[in-house]
Structure formats: structure tokens, C-alpha cells
Amino acid sequence: MTEHIYIDAMHKPCPMPLLMLKRELKKSQDHQVFLLKASDPHSELDILRYCQLHQISCQLTKVSNHEFHYLIES
């Protein structure tokens, strides 16, 4: 089993969290797990919609109104 790839998008405005995820997905192997942390509330819609469209598993944990953790499995 491979380690999670951590993507720190805290304090970065949209669309940066999604762009950072896309960049990591491009260079990842199959069945890779990512932990993305974001603070922009718009990331919730962007990340979840992107994952749904590309049939990528994504679980959101809303830590607070300004901290969102996404567990993404490619």
C-alpha cells in the first residue's frame, strides 16, 4: 500500500486547490490516495464536482467553516 500524498491548499483561493489536485493526479499511479486540505469554501463544490465527473472517490470532512479535508482515491 502506498502512502497518502498530502496537498496543502490552505489559504489558496479557488481554483488553486483544484489545480493542485489535477497536477498531482497527472503524475500519480493508479490507486493513489491523496489528502487535500483547503480553506476556500468554494473548493467544496469544485473538488466534489470534479471527482464526480471523473469517477474518482472523494470523501469530504468539514473541519470548520474555513477548513476542508478531502480524502481522494484515484
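Residues numbered from 1 in each chain as written. Predicted model: local features only at pLDDT ≥ 70, side-chain atom pairs only at ≥ 80, totals over all residues. Heavy atoms only, no water.

Details of the overall build of the protein
The secondary structure content of the protein amounts to two helices and four strands. For the protein, whose C-alpha radius of gyration is 11 Å, the value lies close to the compact-globule estimate of 11 Å for 74 residues. Each principal axis of the C-alpha atoms in the protein carries an extent, and together these give about 30 × 25 × 20 Å. Counting every position in the protein, which comprises 74 residues, the buried fraction comes to 34%. (Helix = DSSP H or I, 4+ residues; strand = E, 2+ residues; numbered from the N terminus. Rg over C-alpha atoms; globule rule 2.2 N^0.38 Å. Buried < 20%, exposed > 50% of the residue type's maximum accessible area, 1.4 Å probe, protein only.)

Quick look at the pairing of strand β2 (residues 33-38)
The pairing of strand β1 (residues 5-9) with β2 spans five bridges and is classified as parallel. Bridge pairing links Asp-8 to Lys-37 in β2. Handedness of the crossover is the feature at issue here: the chain leaves β1, passes through helix α1 (residues 16-26), returns alongside β2, and the resulting connection is right-handed. Taken together, the six bridges between β2 and strand β4 (residues 67-73) define a ladder with antiparallel strand orientation. Bridge pairing in β4 places Val-33 opposite Glu-73. (Pairing = 2+ DSSP bridges. Right-handed = clockwise from strand over helix to strand, strands pointing away.)

Digging into the nonpolar core
Grouped together as the largest cluster of nonpolar side chains are 16 residues, with contacts concentrated most on Leu-21, Leu-36, Ile-47, Tyr-70 and Ile-72. The dominant element in this core, judged by the number of residues it contributes, is α1, at four residues. Setting aside chain neighbours within four positions, we find Ile-72 in contact with Leu-21, Gln-32, Val-33, Phe-34, Leu-36, Ile-47, Cys-51, Ile-56, Ser-57 and Cys-58. (Core = buried A, V, L, I, M, F, W, Y, C linked by side-chain atoms within 4.5 Å. Contact = heavy atoms within 4.5 Å.)

Purely geometric numbers; function is a separate question.
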